[in-house]
Amino acid sequence: MKKYLALVLALCMVLALCACGAKPAEAPAAEAPAAEAPAAEAPAAEGWAPDGPVTMIVAYKAGNGTDVTARILAQYAEKYVGQTIVIENVDGGSGSIGWSQLAAAEPDGMTIGFMNLPNFNSSIVKELGTYTTDDFAAICNHVTETSLVLVRADDDRFADIDALVAYAKENNTVASTNGAQASNHIGAQAFANSAGFKYTDIPQGNTADELTSLLGGEADWCVAKVADIAGRTDVRALAAFSTERLPEMPDVPTLGEKGYYDQWLGSSRCIVAPAGVSADVIAFYEAAFKATMEDPDYQAAASEFATDYKDAAATAALIEQQQAFTEGLAEGFWYE
Amino acid sequence: MLDTLQLMGQGFISALSFVNILAMAGGVALGIIIGCLPGLSAAMGVALMLPLTFSMPADTGLIVLGAIYCGAIFGGSISAILIHTPGTPASAATAIEGYQMTLQGKAGKALATACWSSFWGGLLSCISLYFFAPLLAQLALKFMSAEKFWLGIFGLTIIAGVSSKSIVKGLMSGAMGLVISTIGLDPIDGTKRFMFGQAFLAEGINTTCALIGLFSMSQVFILAEKEIKKRAKAAKFSDKITLTREERRKIRPTIIRSWIMGNIIGILPGAGASIACFLGYNSAKQFSKTKEEFGHGAIEGVAGSEAANNAVTGGSLIPMLTLGIPGESVTAVLMGGLIIQGLAPGPELFTKHAAMTYTFFAGFVLVQFFMLAIGTLGCRGFAQISRLSDAILIPCVTVLCVIGSYAIHRNMSDVVVMIIFGVLGYLMRKFDLNTAAVVLALILGPISEKGLRGALRVSGGDIGCLFHSPVSWVLIILSIVGIFSPFLMDKFERKVAGDENVDAAVQDETLS
Amino acid sequence: MKMKKTDIGVVVFMYAFCAFFYAYSSKLSAGSKTYPLFTITLLFGLTTLYLFQMILAARKYGVESGVDTVFAGFKALQFTLSLVLTIVYFFLVKYLGFFSATTIFMIASFIYLKVPVLHSVIALVAMNLLIYLAFVQFLGVRLPAGILF
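Rules and cut-offs
- Residues numbered from 1 in each chain as written.
- Chains lettered and ligands numbered in written order.
- Predicted model: local features only at pLDDT ≥ 70, side-chain atom pairs only at ≥ 80, totals over all residues.
- Heavy atoms only, no water.
- Helix = DSSP H or I, 4+ residues; strand = E, 2+ residues; numbered from the N terminus.
- Contact = heavy atoms within 4.5 Å.
- Rg over C-alpha atoms; globule rule 2.2 N^0.38 Å.
- Buried < 20%, exposed > 50% of the residue type's maximum accessible area, 1.4 Å probe, protein only.
- Areas by Shrake-Rupley, 256 points an atom, 1.4 Å probe, with all protein chains shown as cover.
- Lys, Arg positive; Asp, Glu negative; His and termini not counted.
- Charge placed at Lys NZ, Arg CZ, Asp CG, Glu CD.
- Buried area = accessible area lost by both parts, 1.4 Å probe.
- Salt bridge = Lys/Arg side-chain N within 4 Å of Asp/Glu carboxyl O.
- Polar contact = N/O pair within 3.5 Å; in protein donor to acceptor, adjacent residues only side chain to side chain.
- Nonpolar A, V, L, I, M, F, W, Y, C, P; charged D, E, K, R; others polar.
- Domains from an automatic or database assignment.
- Patch = residues over 30% accessible without salt bridge, like charges linked within 9 Å, V, L, I, M, F, W, Y side chains within 5 Å.
- Axes fitted to C-alpha atoms, helices over the stretch in contact; angles between N-to-C directions.
- Parallel < 35°, antiparallel > 145°, perpendicular 65-115°, else oblique.
- Left-handed = near helix turned anticlockwise from the far one by under 90°.
- Right-handed = clockwise from strand over helix to strand, strands pointing away.
- Expected span 1.5 Å × (residues − 1).
- pLDDT = per-residue confidence, 0-100.
- Phe/Tyr/Trp six-rings, centres within 6.5 Å; stacked < 30°, edge-to-face > 60°.
- Lys NZ or Arg CZ within 6 Å of the ring centre and 35° of its normal.
- Bend = angle between axes of the 7 residues up to and from the residue.
- Pairing = 2+ DSSP bridges.

S.K.: What's the story with the overall build of chain A in this structure? I'm lost.
M.R.: In terms of helices and strands, chain A carries 10 helices and 10 strands. Relative to all contacts within chain A whose residues are 6 or more apart in sequence, the contacts with residues 24 or more apart total 78%.

Listed below in structure tokens is the structure:
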């Protein structure tokens with residue numbers, strides 16, 4: 001009996017080792033067809049192509065929302081970039097460590113990275129890093145998520161956004177946020193300012209805890225992004241921070257049409273390179289990522305989040321606009 | 001009910017497919033390796049494997065991630081026991097007794113205890129996962145700011161229990177940890193606090209980094225100050241990875257206590273395995289019949305910590321799966337994996353996607369068996385490390401400390417922090433201060449500060465808000481019991497013993 | 001238990017620690033100052049409590065040096081050298097790259113600690129291999145690279 005047991009255990013161990021050994025081997029196997037592909041689908045830009053693995057810096061932890069979307073993009077982009085794309089997570093300092101590293105990277109096109117708006121802008125305003133928007137060259141936009149005003153699904157005090165505003169003007173409401181002056185706090189403040197009421201914010205540090213605070217009844221409402229509530233039935237969106245109604249939730253009015261904050265607000269994840277890269281490099285990646293985001297395989301894999309391609313010029317404009325917006329918040333936006 | 005049972009049974013059948021078995025074995029082995037390397041946490045392991053699971057079927061993908069999770073939580077104990085280097089913060093408390101056992105040549109026994117209690121902790125936590133998930137998930141929603149504050153306070157009361165030499169010095173260490181935990185951006189208004197102009201301190205001193213310094217680097221210095229012993233330990237060395245029947249019986253109550261605590265801690269948001277291991281260790285000590293063994297290699301201490309941290313795994317899945325509330329970083333990553341597979345957490349997982357969910361559960365149960373098997377086999381080899389001479393260990397552990405602290409953020413600044421904490425930890429251990437208390441305070445400080453200030457903000461500064469909910473009161477009572485139990489237990493036991501001399505001696509020990 | 005003289009050092013360190021953070025906290029806004037001040041006060045109070053305990057112990061049982069028990073068998077040179085080596089190692093990693101620095105550091109330590117050559121070589125290869133496979137190959141951690149590999 002003991003012998004058999006030992007045999008079984010030994011077999012498990014062998015299997016484990018095989019599995020261990022198989023995993024690193026899997027990756028190159030998956031790359032093999034990718035390496036052949038560029039011949040057939042040559043990127044539009046002729047001038048430049050990477051001659052080794054491309055590093056993409058993500059300024060957040062592995063497994064974070066940005067990281068997951070970045071990894072999916074990288075997986076499918078290898079076909080169009082023609083090289084392995086290595087996602088490097090350089091987290092810490094509210095993203096500023098990663099962006100500092102990206103700004104300081106050699107502008108040879110071998111290192112690019114993700115820039116999260118408006119968190120990136122906040123890090124400049126808070127002086128966490130020594131970089132400015134000029135230290136980066138925009139390539140394209142990857143994901144855009146619009147902010148929403150949320151309440152609990154079973155909270156019958158707030159049938160619609162007007163009911164929330166009316167209630168908030170009479171009573172002091174509590175809104176949870178994903179951090180002091182972080183994206184969802186900016187949203188909550190912009191909404192409250194435009195509707196003319198005051199509220200108490202409780203920063204929770206991240207969106208998951210922010211939603212928990214809402215669900216647990218500590219907060220009355222909060223602002224979060226579309227992807228944060230994908231598939232959830234326990235929260236209800238009252239309004240969107242958008243200029244037009246969102247295609248995925250046509251019943252949800254925009255704040256603007258109800259007479260409140262009428263600008264778009266949310267977060268964007270752009271792909272940028274350190275400033276000083278040649279125009280060829282920008283053109284190469286712009287075309288490669290455009291092709292990736294139009295790839296049906298990618299779209300199937302990325303159906304859960306809002307891919308939103310914007311070209312380099314539009315992305316650069318977006319970065320500047322968000323920067324101006326975030327800097328503008330310094331005066332008169334936050335009350336005591 | 002019958003339907004559910006049928007689904008559970010089918011879950012086991014599909015979990016036993018060849019691919020899934022391979023996934024479990026591979027995942028556990030990988031998890032153990034990730035776990036035992038310092039600086040690579042369970043969350044990091046799961047996150048790094050996540051992209052590979054995109055292309056797998058949902059159940060297999062989740063099983064791989066679950067297996068890595070369990071394996072890593074257990075794996076952390078291996079390095080904690082052998083070289084006083086907790087691979088993950090979840091094994092910090094294991095190092096206290098486990099390393100003492102290694103010094104006595106009982107590394108094999110310590111590893112066997114860790115393996116056995118991790119197995120039971122993980123396995124028992126599946127009970128709640130299977131039968132009480134929706135019910136227990138509600139607990140997570142009861143945890144708002146005030147409750148988090150009290151949870152932090154309750155956790156801090158353990159310091160009194162883990163301080164072996166002097167309670168006041170233990171509390172001093174804890175208070176010092178609390179001061180250090182205020183470094184970084186203010187969690188409420190976002191202003192910079194004690195950051196010395198360093199952006200990398202914005203999120204505070206990294207706990208893992210401090211842990212590596214306080215536990216491992218300080219150990220290197222302690223080894224380095226003494227004359228290098230030449231294989232002195234080898235004489236008494238035994239590599240048997242087995243427990244006797246008596247030993248199993250001895251740790252049984254400890255495992256059950258740790259399972260219950262770990263399971264509950266797992267469900268609560270913001271807590272996690274790193275707190276559970278200290279709670280488990282502390283309760284093992286308070287309830288032990290042979291308390292004098294603690295600090296000198298108590299098998300119950302290892303069991304208490306390891307059963308508790310693995311019991312967290314099953315518990316932490318509950319609010320994530322049923323409510324979409326990830327309680328800690330690992331489950332946050334797992335939830336990401338779930339969403340990528342097109343499965344939104346919530347009731348639908350137990351209705352529409354029940355087949356997948358129960359396969360995952362079954363896989364989670366089976367993973368525990370693989371962990372026991374691979375752990376027991378692998379530990380035999382690992383135990384040999386304890387035979388190495390200190391001269392070899394000193395540079396090797398230093399290298400591991402440096403790479404471990406570097407790998408957290410790929411940042412050399414963290415290595416500087418690690419070395420500073422290494423020197424600090426060395427001095428603290430020399431002068432009978434408590435490094436574990438600092439780690440505990442670093443973990444709990446931010447939770448309680450955020451809880452306290454959040455609660456006061458909501459109530460407009462009214463302290464009364466801290467005493468409103470029944471959950472708060474439970475935690476308050478537990479905290480009071482926690483503070484006084486070391487004293488009370490002493491008194492009680494002395495009454496039982498009725499020995500006046502012992503009485504005086506113990507009194508001295510607790511007060512000096 | 002006698003009072004240990006070394007504990008005076010501990011108390012002084014804790015007071016200095018409090019003083020430093022207290023001075024630093026004066027720059028903070030009122031809101032974010034309260035909690036750190038609370039923790040500093042806590043540490044201050046506990047340290048003072050310990051000071052009283054020390055005085056009591058000194059009166060009741062007398063004073064002992066503590067240095068001889070705490071530092072029994074202390075090899076100053078060996079300790080200082082390993083501390084210095086660790087710090088040198090840190091700078092080597094920064095400027096030479098991780099693997100070359102590790103190799104130099106380990107060889108230097110092994111020679112100083114008189115580890116047999118065979119053992120040194122095995123440990124050196126095993127460590128580098130472990131780190132290369134686990135961190136670089138498998139987890140894709142890019143280690144600091146310097147002038148050399």
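Having seen it, we continue.
S.K.: Could you clarify how one ought to interpret the overall build of chain B in this entry?
M.R.: A tally of regular secondary structure across chain B gives 20 helices and two strands. For chain B, the C-alpha radius of gyration of 22 Å lies close to 24 Å, the compact-globule estimate for 512 residues. Each of the 512 residues in chain B was classed as buried or not, and the buried ones make up 69%. At a minimum sequence separation of 6, the contacts of chain B that also span at least 24 residues come to 78%. Summed over its atoms, the accessible surface of chain B is roughly 16400 Å², and 67% of this surface lies on carbon and sulfur atoms. Positive and negative side-chain charges of chain B, numbering 36 and 30 respectively, have mean locations separated by a distance of 5 Å.

S.K.: Explain the interface of chain B and chain C to me, please; I cannot follow it from the model alone.
M.R.: Interfaces are often sized by the amount of accessible area the parts lose when they come together. Taken together, the contacts link 66 residues of chain B with 65 residues of chain C. Counting the surface lost from both chain B and chain C, the interface buries some 5800 Å², and carbon and sulfur atoms represent 80% of this. Our count for the contact surface shared by chain B and chain C stands at two salt bridges. At the junction of chain B with chain C, the criterion picks out 10 residue pairs in polar contact (both at pLDDT 80 or more). In terms of residues, the side of chain B that touches chain C owes the most to one element, helix H16 (residues 390-409) of chain B, which gives 12 residues. Counted by class, the side of chain B that touches chain C contains 45 nonpolar, six polar and 15 charged residues.

S.K.: Would you mind going over the domain arrangement of chain A with me for this structure?
M.R.: Residue and element names in this part refer to chain A. What the domain assignment lists for chain A is domain 1 (46-144 + 266-328) and domain 2 (145-258). Its C-alpha centre places domain 1 at a distance of 28 Å from the equivalent point of domain 2. Every contact between the two is made by 11 residues of domain 1 and, on the other side, nine residues of domain 2. Across the domain 1 to domain 2 interface the summed buried area is about 810 Å²; carbon plus sulfur atoms make up 53%. Ranking the residues of domain 1 by area buried against domain 2 places Lys126, Gly266 and Ser267 at the top, with a combined share of 36%. Our enumeration of links across domain 1 and domain 2 arrives at one salt bridge. Glu145 is paired through a salt bridge with Arg269; the nearest N and O atoms lie 3.7 Å apart. Remark: the boundary between domain 1 and domain 2 carries one residue pair in polar contact (both at pLDDT 80 or more). Breaking the side of domain 1 that touches domain 2 down by element, the ones donating at least two residues are helix H4 (119-125), strand S4 (136-152) and strand S9 (266-274).

S.K.: How do you make sense of a positive patch on the surface when you look at a structure like this?
M.R.: Residues and elements named next belong to chain B. A surface patch of positive charge is lined by Arg245, Arg248, Arg249 and Arg252. By the element assignment, Arg245 lies in helix H11 (residues 245-267). With relative accessibility at 65%, the residue Arg245 sits in the exposed group.

S.K.: What should I look at first to understand the packing of helix H3 (residues 42-53) of chain B against helix H14 (residues 329-340) of chain B in this one?
M.R.: Two numbers describe a pair of packed helices, the interaxial angle and the distance between the axes. Residue and element names in this part refer to chain B. Contact pair H3 / H14: the axes reach a minimum separation of 8 Å and the direction vectors enclose 15 degrees. As the angle between them shows, H3 and H14 are arranged roughly parallel. When the axes of H3 and H14 are compared, the crossing they make is left-handed. Along its contact with H3, which presents Ala42, Ala43, Val46, Ala47 and Leu50, the element H14 presents Ser329, Val330, Val333, Leu334 and Gly337.

S.K.: So what exactly am I meant to see when it comes to the pairing of strand S2 (residues 85-89) of chain A here?
M.R.: Remember that side chains alternate between the two faces of the sheet whenever the strand is regular. For S2 of chain A, the tally of buried residues reaches four of five residues, placing the bulk of the element in the interior. In this fold, the crossover linking strand S1 (residues 54-58) of chain A to S2 of chain A by way of helix H2 (residues 65-81) of chain A has right-handed handedness.

S.K.: Please clarify how the environment of Val90 of chain A should be interpreted in this entry.
M.R.: Structurally, the position occupied by Val90 of chain A is in the loop between S2 and helix H3 (96-104). Under the relative-accessibility criterion, Val90 of chain A is labelled buried at 0%. Considering only alpha carbons, one finds Val90 of chain A and Leu102 of chain A, 12 residues apart in sequence, at a separation of 9.5 Å. Beyond its immediate chain neighbours, meaning those up to four positions away, Val90 of chain A contacts Ile57, Val58, Ala59, Tyr60, Ile97, Gly98 and Gln101 of chain A together with His409 of chain B.

S.K.: Help me understand helix H8 (residues 145-162) of chain B, please; the structure alone is not making it clear to me.
M.R.: Residue pairs spaced three or four apart in an α-helix point in one direction, given the helix's 3.6 residues per turn. Across its 18 residues, H8 of chain B extends 26 Å between first and last C-alpha, which sits within 8% of the 26 Å expected from 1.5 Å per residue. Within H8 of chain B, 17 of the 18 residues are buried, which leaves the element mostly enclosed by the surrounding structure.

S.K.: How should the packing of helix H2 (residues 18-36) of chain B against helix H15 (residues 354-383) of chain B be read in this particular structure?
M.R.: All names here are of chain B. Following both chains from N to C, one finds H2 and H15 inclined at 50 degrees, their axes separated by 8 Å at the closest point. The orientation of H2 relative to H15 falls into the category oblique. Where H2 crosses over H15, the two elements pack in a sense that is right-handed. Side by side, H2 and H15 meet where Asn20, Ile21, Met24, Ala25, Val28, Ala29, Ile32 and Cys36 of the first sit next to Thr359, Gly363, Leu366, Val367, Phe370, Met371, Ile374, Gly375 and Phe382 of the second.

S.K.: Just to check I follow, could you spell out the confidence of the model for chain B for this structure?
M.R.: All names here are of chain B. Scored by pLDDT, chain B comes out at a mean of 86, with 92% of its residues at no less than 70. Taken as a whole, residues 231-235 scores under 50 in pLDDT and shows seven contacts with residues more than four places along the chain or in a different chain. With pLDDT under 50 throughout, residues 500-512 is counted as low confidence; its partners more than four residues away or in other chains account for 14 contacts.

S.K.: For this particular structure, what's the right way to read the packing of aromatic side chains?
M.R.: When we look at a pair of aromatic rings, we describe it by the centre distance and by the angle of the planes. According to the stated counting rule, one finds 51 aromatic pairs over all chains in the structure shown. Between Trp48 of chain A and Tyr285 of chain A the ring centres are 5.7 Å apart and the planes differ by 55 degrees, which places this aromatic pair in the tilted class. In this pair, Trp48 of chain A sits in the loop between helix H1 (2-40) and S1 while Tyr285 of chain A sits in helix H8 (residues 279-294), placing the two residues 237 residues apart along the sequence. Judged by relative accessible area, Tyr285 of chain A falls into the buried class, the value being 0%. Counting every residue linked through ring pairs, the aromatic cluster contains Tyr130, Phe131, Phe350, Tyr358, Phe360, Phe361 and Phe364 of chain B. Of note, Arg248 of chain B hangs over the ring of Trp116 of chain B, and the distance from its end group to the ring centre comes to 4.4 Å.

S.K.: Just checking my understanding: could you explain the pattern of salt bridges for this structure?
M.R.: Pairing of side chains with opposite charge becomes possible as their charged atoms draw close. All names here are of chain A. This structure, assessed with the given rule, holds 22 salt bridges over all chains. Its salt-bridge partner being Asp155, residue Arg152 comes within 3.2 Å of it at the nearest N-O pair. Like Arg152, the residue Asp155 is buried in the burial classification. Of the charged contacts in the structure, one is a salt bridge between Arg232 and Asp234, with a shortest N-O distance of 3.1 Å. Via salt bridges that share partners, Arg152, Asp155, Arg157 and Asp220 belong to a single interconnected network.

S.K.: Looking at this structure, how should I read the environment of Gly177 of chain B?
M.R.: All names here are of chain B. Note on placement: Gly177 falls in helix H9 (residues 167-181). The buried category is assigned to Gly177, whose relative accessible area is 0%. For the pair Gly177 and Val438, spaced 261 residues apart in the sequence, the C-alpha separation amounts to 4.3 Å. Leaving out residues up to four positions away in the same chain, Gly177 has contacts with Val438, Ala441 and Leu442.

S.K.: So what exactly am I meant to see when it comes to helix H13 (residues 299-323) of chain B here?
M.R.: Residue and element names in this part refer to chain B. In this model H13 runs 37 Å from its N-terminal to its C-terminal C-alpha over 25 residues, within 8% of the 36 Å that 1.5 Å per residue would give. At Thr313, H13 shows its maximal kink, close to 30 degrees. The element H13 is largely enclosed, with a buried count of 25 among its 25 residues. Downstream of H13 by one or two residues, Gly324 has phi in the positive range, about 70 degrees.

S.K.: Help me understand the pairing of S4 of chain A in this model?
M.R.: All names here are of chain A. The buried count for S4 comes to 17 of 17 residues, which makes it a mostly enclosed element. Sheet analysis places S4 next to strand S10 (residues 307-310), joined by two bridges and oriented antiparallel. Bridging from a neighbouring strand, Asn141 pairs with Lys310 of S10. Pairing analysis gives four bridges linking S4 to strand S7 (residues 221-225), with the strands arranged antiparallel.

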